[in-house]
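As a plain string of letters, each chain reads:
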Amino acid sequence: MLAYVGRRVLLAVFTVWAISVLSFAIIQLPPGDYVTSYIAQMASSGSVVTEEEAQNLRIQYGLGQPIYVQYLKWMKLVVRGDFGQSMEWKRPVIEVIGDRLWLTVVISVAALILTWVLALPIGIYSAVRQYSPGDYLATFVGFIGLAVPNFLLALVLLYLGFVLFNAHIGGLFTPELQDAPWSAARAWDLAKHLPIPALILGLAGTAQQVRIMRANLLDELRKPYVVTARSKGLSELRVILKYPVRMALNPFASTIGYTLPYIVSGSIIVSLVLGLPTVGPLLLKALIAQDMFLAGTIVLLLGVMTVIGTLLSDILLVWIDPRIRIEET
Amino acid sequence: MTTRWSRLTAVLVVGFLSGAVAVGALAQSAGKTSLVGKLEGPEVVTDAGKAPKAFKEAPQLAALVKAGKLPPVAERIGQDPLVIKPLKEIGKYGGTWRAGFTGPADFWNGFRCCSGPDHLMFWDYTGDKAVPNLARGLEMQDGGRAWLVRLRRGMKWSDGKPFTSDDFVFWFEDIYRNKDLNPTPSAAMAINGKQGVIEKVDTYTVRFKFLEPYYMFPDVLAGSTDLAGQWGAYKSMGGFAPAHYLKQFHPRYVGEAELDKKAKDAKFDSWVRLFVYKNDWALNPDLPVLSAWKTATPINTPTWTLERNPYSVFVDTAGNQLPYIDKVVLTLAENLEVLNLRAIAGEYDYASRHVDLGKLPVFLENQAKGNYKVYLDPGDYCDLIIKFNLNYDADPELGKWFNTADFRRALSLGIDRDQINETFWLGTGTPGSVVPVDSNKYNPGPQYRKLWSTLDIKKANEMLDKIGLAKKDAQGYRMRADGKGRLRIEIMTLGGQFVQYTQISEMIREQWKKIGIDLQVQEVERSLALKRTAANEQQLAAWNNDGSEHLFTFPQHVFPFELAAVATSGPHWVKWFHSAGEQGKEPEPRMKELMEKWKKAFGVPEKERIQLGKDIWRIAAEEVYIIGVVGQGPAAMGVRVVKNNMGNIPSRMYNSPDAKTPGISRPATFYYK
């Protein structure tokens with residue numbers, strides 16, 4: 001077991017390094033650099049940057065150097081726990097991400113909790129009462145939830161919210177409390193703004209998890225050990241929760257690998273549409289502006305989270321499912 | 001990723017605006033007339049005899065004075081206030097102006113609303129005449145070779161330190177001429193390529209000296225040029241800078257070791273980046289400024305807040321120190337849809353930047369609910385132009401046609417401008433050539449609006465037949481003269497802009513089928529567009545010519561002037577022009593004539609210059625180097641949404657980057673009723 005974990009950890013470190021190289025290379029792929037996209041942005045707002053100014057900016061940002069020099073420079077910073085300065089925001093990358101990171105975590109965790117609280121019971125119900133009206137309803141709603149792109153849902157809710165309830169458009173705070181220091185009022189304000197994004201973000205996930213839970217549980221319910229448990233005279237609730245549900249949970253454990261990066265990035269598209277100050281839109285903007293250090297750091301962060309998540313789910317699976325343990329050793 | 005995003009954008013736009021299309025008729029019935037008002041604006045009172053003798057101030061500042069934390073208001077303003085006669089009435093102090101911005105690159109947003117503007121000279125509300133602004137007066141000497149700038153006595157920076165000629169000398173010697181901060185001299189400081197100098201005359205007088213007559217100088221100080229105040233500071237321009245503050249970050253005044261440590265502590269690679277940061281109006285709240293409001297929380301945070309400058313030199317005719325409004329709060333909008341929806345919902349007090357003309361019907365529908373009024377501020381320029389790359393050499397046959405005047409003219413005649421105007425401008429634009437609005441002083445005459453710019457398919461076909469493109473293929477498209485199949489032209493467009501270039505180009509593609517021209521529309525990402533224009537790979541490109549109404553301070557959409565452009569008329573000619581013929585390629589005779597006239601205009605008196613300006617536009621319209629399609633519309637920042645309780649709002653204002661609109665309407669005089 002220990003050797004297994006050790007091997008995984010080593011592999012993870014290597015993967016993270018590979019991700020850092022790849023992400024830096026990918027960000028460099030589109031034509032131009034931060035200065036070109038800056039010039040273009042100026043042009044669209046009716047301003048002009050001359051060729052000389054552009055050259056000057058390139059020198060200032062060190063963009064004229066070969067890519068491996070830029071990479072090594074960045075790595076030197078990263079190793080020291082300093083991720084450099086964002087070219088666009090002109091602040092340390094850590095601060096720029098830090099501003100948004102915890103808000104992103106709050107939203108994502110809220111969405112995740114909502115997903116699981118809804119999905120597990122509905123999934124179990126659907127499987128146990130297969131082909132009942134309740135199952136049909138859950139299936140119907142589930143498929144709609146899967147089929148409707150959630151940014152579209154976000155747009156519709158945003159518009160309805162404004163037209164019907166005169167709700168504040170987008171964001172997580174009312175403007176008055178945007179920059180206020182933390183207080184009970186501000187926390188309550190956040191809590192009031194949270195349900196809509198959490199619901200939208202959670203809905204597609206919920207639909208998916210309901211389907212997975214239902215399918216897995218249906219497989220398990222037909223197995224002989226369930227009959228055995230029942231014949232031993234256990235109550236129906238115990239029979240289902242104790243054995244087949246536990247087995248059916250396996251896929252949930254293996255998706256943790258994807259859940260972790262999701263928690264720190266949030267959904268990019270939904271965040272954009274709802275105007276949520278999360279890490280997702282920041283990444284998109286950084287990529288468009290070719291803000292190397294910021295984009296690189298976020299991609300690296302997501303990579304690290306994916307690796308850690310995968311590592312966790314590997315270990316978790318070994319722990320909950322003895323069969324995997326045996327195969328490994 | 002790209003296709004996914006463009007699909008997403010398409011869905012967003014279509015889905016969200018389906019309602020808008022349905023009520024499109026509403027906008028048309030509301031029409032151009034009721035939404036476009038009379039051009040009006042506040043005026044600067046230049047007669048010192050009419051200046052108020054006693055001053056009043058905002059209650060918060062009065063309290064500070066009472067507490068002994070601030071000198072009395074008269075002392076803060078100085079002997080020579082900058083008096084502005086508000087458009088309608090004397091306002092009241094107080095309130096917060098709420099608006100949106102899109103991130104750190106949107107710094108123009110704040111300069112346009114809140115800087116005052118802090119130019120030495122500035123335009124009157126018509127945008128035509130440069131009048132004294134921060135400068136008390138400007139005096140021409142030595143036949144235009146020297147300009148004496150008189151400063152306002154006792155005027156102060158926002159930290160209370162005097163604003164004097166030393167701030168000009170410091171900027172000139174230590175910023176402008178410092179090779180690390182500014183490796184290349186600015187054209188604004190030169191006439192005929194010869195650099196000028198700045199001299200101190202006395203504490204409140206500065207002399208700009210040039211080797212040849214520089215009659216354009218007042219306009220250069222007024223426009224958004226390199227000598228136009230602190231907005232240019234991020235690129236080491238501006239004309240002046242707060243010497244007393246910036247010296248602590250400059251190697252001439254601080255030891256190298258100490259400065260390196262300062263840069264390191266602030267996590268900058270070099271003193272240069274530290275200096276540029278400290279000298280940034282939008283980023284550094286500590287920077288002393290001369291503007292009406294000053295940055296309180298910087299632009300790289302979710303809320304960009306600007307507060308009144310207690311030392312503001314602006315006053316109204318009753319002696320009230322301006323601005324009236326306490327605070328300007330710009331909140332970060334993650335995307336333009338959210339920004340527009342917030343404006344529709346009435347969450348902004350005043351918004352014009354980033355407001356989408358396509359959503360006009362929705363804005364109108366919600367006027368009462370959002371308690372705001374919609375105004376249109378059409379620009380004086382063309383919202384959609386098509387540039388031919390006259391240096392295109394990747395395909396010599398195409399290059400030849402682009403350089404054939406009748407080819408360009410025929411293509412222009414093949415465009416149905418009315419259809420485009422109705423569809424994309426909801427009928428609010430003016431179809432026509434590239435020349436600026438008729439009232440512009442450089443407009444060559446009303447007949448040039450329509451020259452080669454009306455729909456005439458018959459004539460267009462005749463012209464194309466005549467120049468040697470008579471042969472057509474089975475589908476009715478014209479064949480190349482070199483026998484290599486169909487004549488295919490590509491137009492480059494950018495998405496996500498103020499004007500829907502791609503969609504309009506698609507419509508032109510349909511229209512040009514009638515004259516047998518096969519147009520391919522290619523939407524590209526911005527950086528790619530820049531790369532392709534610089535590499536001479538662009539054939540045609542769609543863009544707008546905003547700023548060109550100020551022909552001499554903003555020439556890049558009249559002739560090839562900038563290499564870093566998203567649409568070019570010819571990169572080789574740009575190089576030729578700037579290297580005085582040493583690099584690049586020599587332009588064709590009429591283009592050369594146009595360039596010569598433009599250069600000449602800087603050194604001649606105004607009357608002659610106006611004639612030269614008219615000549616330039618006449619050549620441009622006759623030669624159709626650039627096709628004008630629809631202009632004088634409100635597409636670029638011309639849809640203005642203003643709360644009903646805001647006062648001193650003009651019913652129409654001059655709309656141009658050169659005038660920092662709404663800066664030209666002096667937002668310092670806006671107030672809450």
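Residues numbered from 1 in each chain as written. Chains lettered and ligands numbered in written order. Predicted model: local features only at pLDDT ≥ 70, side-chain atom pairs only at ≥ 80, totals over all residues.

Turning our eyes to something else, we now look at the overall build of chain B. Scanning chain B for helices and strands turns up 23 helices and 26 strands. The C-alpha atoms of chain B give a radius of gyration of 26 Å, which matches the 26 Å a tight globule of 673 residues would have. By residue count, 54% of the 673 residues in chain B fall in the buried class. Counting only contacts in chain B whose residues sit at least 6 apart along the sequence, the fraction spanning at least 24 positions is 72%. (Helix = DSSP H or I, 4+ residues; strand = E, 2+ residues; numbered from the N terminus. Rg over C-alpha atoms; globule rule 2.2 N^0.38 Å. Buried ≥ 20, exposed ≤ 12 C-beta atoms within 10 Å, placed from the backbone. Contact = placed C-beta atoms within 7 Å.)

Glancing now at the overall build of chain A. Across its full length, chain A carries 18 helices and zero strands. With the principal axes as the frame, chain A shows a C-alpha extent of 85 × 60 × 40 Å. Across the 329 residues that make up chain A, the buried fraction comes to 38%. Taking the intrachain contacts of chain A between residues at least 6 apart in sequence as the baseline, contacts between residues at least 24 apart amount to 72%.

With that settled, the discussion passes to the packing of helix α6 (residues 133-147) of chain A against helix α9 (residues 195-221) of chain A. For any two helices packed against each other, one specifies the inter-axial angle together with the distance between the axes. All names here are of chain A. Following both chains from N to C, one finds α6 and α9 inclined at 130°, their axes separated by 8 Å at the closest point. The orientation of α6 relative to α9 falls into the category oblique. The chirality of how α6 crosses α9 is left-handed. Residues A138, G142, G145 and L146 of α6 form the contact with α9, whose own contacting residues are L203, A204, T206, A207, Q208, V210 and R211. When grouped by side-chain class, the residues that make up the contact of α6 with α9 number six nonpolar, four polar and one charged. (Axes fitted to C-alpha atoms, helices over the stretch in contact; angles between N-to-C directions. Parallel < 35°, antiparallel > 145°, perpendicular 65-115°, else oblique. Left-handed = near helix turned anticlockwise from the far one by under 90°. Nonpolar A, V, L, I, M, F, W, Y, C, P; charged D, E, K, R; others polar.)

Note on backbone geometry: most residues besides glycine have negative phi, and most peptide bonds are trans. Residues and elements named next belong to chain B. A cis geometry characterises the amide bond from G116 onward to P117, with omega recorded as -15°. Structurally, P117 can be placed in the loop between α5 (107-114) and β4 (121-123). Of note, the bond from L322 into P323 is cis; its omega dihedral lies within 30 degrees of zero at 5°. In this fold, P323 is placed in the loop between β14 (314-316) and β15 (327-332). Residue D142 is not a glycine yet carries a positive backbone phi of 55°. With respect to the secondary-structure elements, D142 resides in the loop between β6 (137-141) and β7 (146-150). For D142, a count of 12 C-beta atoms within 10 Å translates into the label exposed.

The next thing to look at is the sheet that holds strand β12 (residues 293-297) of chain B. Residue and element names in this part refer to chain B. With mixed pairing, the four strands of this open sheet are ordered in space as β3-β15-β13-β12. Each edge of the sheet is formed by a strand with only one pairing partner; in this case those strands are β3 (96-101) and β12. Direction aside, the axes of adjacent strands within the sheet are offset by 25° on average. Bridge count for β12 against strand β13 (residues 303-308) is four bridges, and the pairing is antiparallel. (Pairing = 2+ DSSP bridges.)

On to the environment of A405 of chain B, then. All names here are of chain B. On the secondary structure map, A405 appears in helix α15 (residues 405-413). For A405, a count of 16 C-beta atoms within 10 Å translates into the label partly exposed. Spatially, the C-alpha atom of A405 lies 10.0 Å from that of I467, the residues being 62 residues apart in sequence. Among all residues touching A405, those that are not within four sequence positions of it are E623 and V624.

With that settled, consider the pairing of strand β22 (residues 540-543) of chain B. All names here are of chain B. In β22, alternate side chains face the same way, and those of L540 and A542 on one face and A541 and W543 on the other are all buried. Examined bridge by bridge, strand β20 (residues 488-494) and β22 share two bridges and lie parallel to one another. Residue pairing for β22: I491 is matched across the bridge by L540.

To continue, consider the confidence of the model for chain B. Residue and element names in this part refer to chain B. Overall, the prediction assigns chain B a mean pLDDT of 90, with 95% of residues at 70 or greater. Between residues 1-32, whose pLDDT stays under 50, and residues either more than four places distant or in other chains, the model counts 33 contacts. Taken together, the chains of this predicted complex give a pTM of 0.83 and an interface ipTM of 0.76. (pLDDT = per-residue confidence, 0-100.)

Okay, the domain arrangement of chain B next. Residues and elements named next belong to chain B. What the domain assignment reports for chain B is domain 1 (9-87 + 315-377 + 637-673), domain 2 (117-290) and domain 3 (382-631). On a C-alpha basis, the centroid separation for the pair domain 1 and domain 2 is 28 Å. Facing the 21 residues of domain 1 at the interface are 18 residues of domain 2. Considered class by class, the residues forming the side of domain 1 that touches domain 2 number eight nonpolar, seven polar and six charged. (Domains from an automatic or database assignment.)

Attention shifts here to the nonpolar core. Residues I298 of chain A together with L221, V328, I385, A620 and V641 of chain B are the most contacted members of the largest nonpolar core, which totals 266 residues. Apart from the residues lying within four places of it in its own chain, the contact partners of I298 of chain A are I97, V279, L282, L283 and A286 of chain A. (Core = buried A, V, L, I, M, F, W, Y, C linked by C-beta atoms within 7 Å.)

Here the focus is the sheet that holds β7 of chain B. All names here are of chain B. Across the sheet, four strands lie side by side as β6-β7-β11-β10; this open sheet has antiparallel pairing. This sheet does not close on itself; its edge strands, each paired only once, are β6 and β10 (197-202). Strand after strand, the sheet turns through a mean of 25° between neighbouring axes, direction not considered. Sheet contacts for helix α6 (residues 165-176): β10 and β11 (205-209); angle to β10, the most-contacted strand, approximately 160°.

All names here are of chain B. The hairpin formed by β12 and β13 contains five residues between the paired strands. In terms of strand pairing, β13 meets β15 through five bridges, oriented antiparallel. Residue T303 lies in a different strand from β15, and its bridge partner there is T331.

Moving on: the packing of helix α1 (residues 2-28) of chain A against helix α17 (residues 292-320) of chain A. All names here are of chain A. Where α1 contacts α17, the two axes come as close as 9 Å, and the packing angle between them is 155°. Our classification of the angle between α1 and α17 gives roughly antiparallel. Note that α1 runs across α17; the crossing there is right-handed. For the pair α1 and α17, contact is made by V5, R8, V9, A12, T15, V16, I19, S20, S23, F24 and I27 and by M292, A295, G296, V299, L300, G303, V304, V307, L311, D314 and I315, respectively.

Moving on, we come to the confidence of the model for chain A. In this model, chain A carries an average pLDDT of 81, and 92% of its residues clear a pLDDT of 70 or more. Within chain A, the lowest mean pLDDT, 65, falls on helix α18 (residues 322-328) of chain A, and the highest, 88, falls on helix α10 (residues 224-231) of chain A.

Structural remark: α-helix, 3.6 residues per turn; residues separated by three or four positions point the same way. All names here are of chain A. In a regular helix each residue adds 1.5 Å, so 16 residues correspond to 22 Å; helix α7 (residues 150-165) covers 21 Å between its end C-alpha atoms and thus fits that length. Taken together, the buried positions of α7 are occupied by N150, F151, A154, L155, L158 and F162. Projected down its long axis, α7 shows its buried positions confined to an angular sector of 155°, all on one face. In α7, the exposed positions that point more than 90 degrees away from the buried face belong to L160, L164 and F165. (Expected span 1.5 Å × (residues − 1). Arc of directions from axis to C-beta.)

Time to look at helix α23 (residues 606-623) of chain B. All names here are of chain B. The end-to-end C-alpha distance of α23, which contains 18 residues, comes to 26 Å, matching closely the 26 Å that a straight helix rising 1.5 Å per residue would cover. For α23, the full list of buried residues reads R609, L612, G613, K614, I616, W617, A620 and A621. Elements in contact with the buried residues of α23: α17 (447-450), α22 (589-601) and β23 (626-631). Of the residues flanking the end of α23, it is V624, one or two places downstream, whose phi is positive at about 50°.

Mapped onto the elements of the fold, A257 of chain B is located in helix α9 (residues 256-265). When the C-alpha atoms of A257 of chain B and P634 of chain B are compared, they prove to be 53 Å apart, with 377 residues separating the residues in sequence.

All names here are of chain B. Structurally, I626 is set in strand β23. Owing to 26 C-beta atoms within 10 Å, I626 belongs among the buried residues under this scheme. I626 sits 236 residues away from L390 along the chain, and the two C-alpha atoms are 9.9 Å apart. With near-sequence residues (within four places) excluded, I626 lies in contact with I385, I386, K387, V434, S569 and A620.

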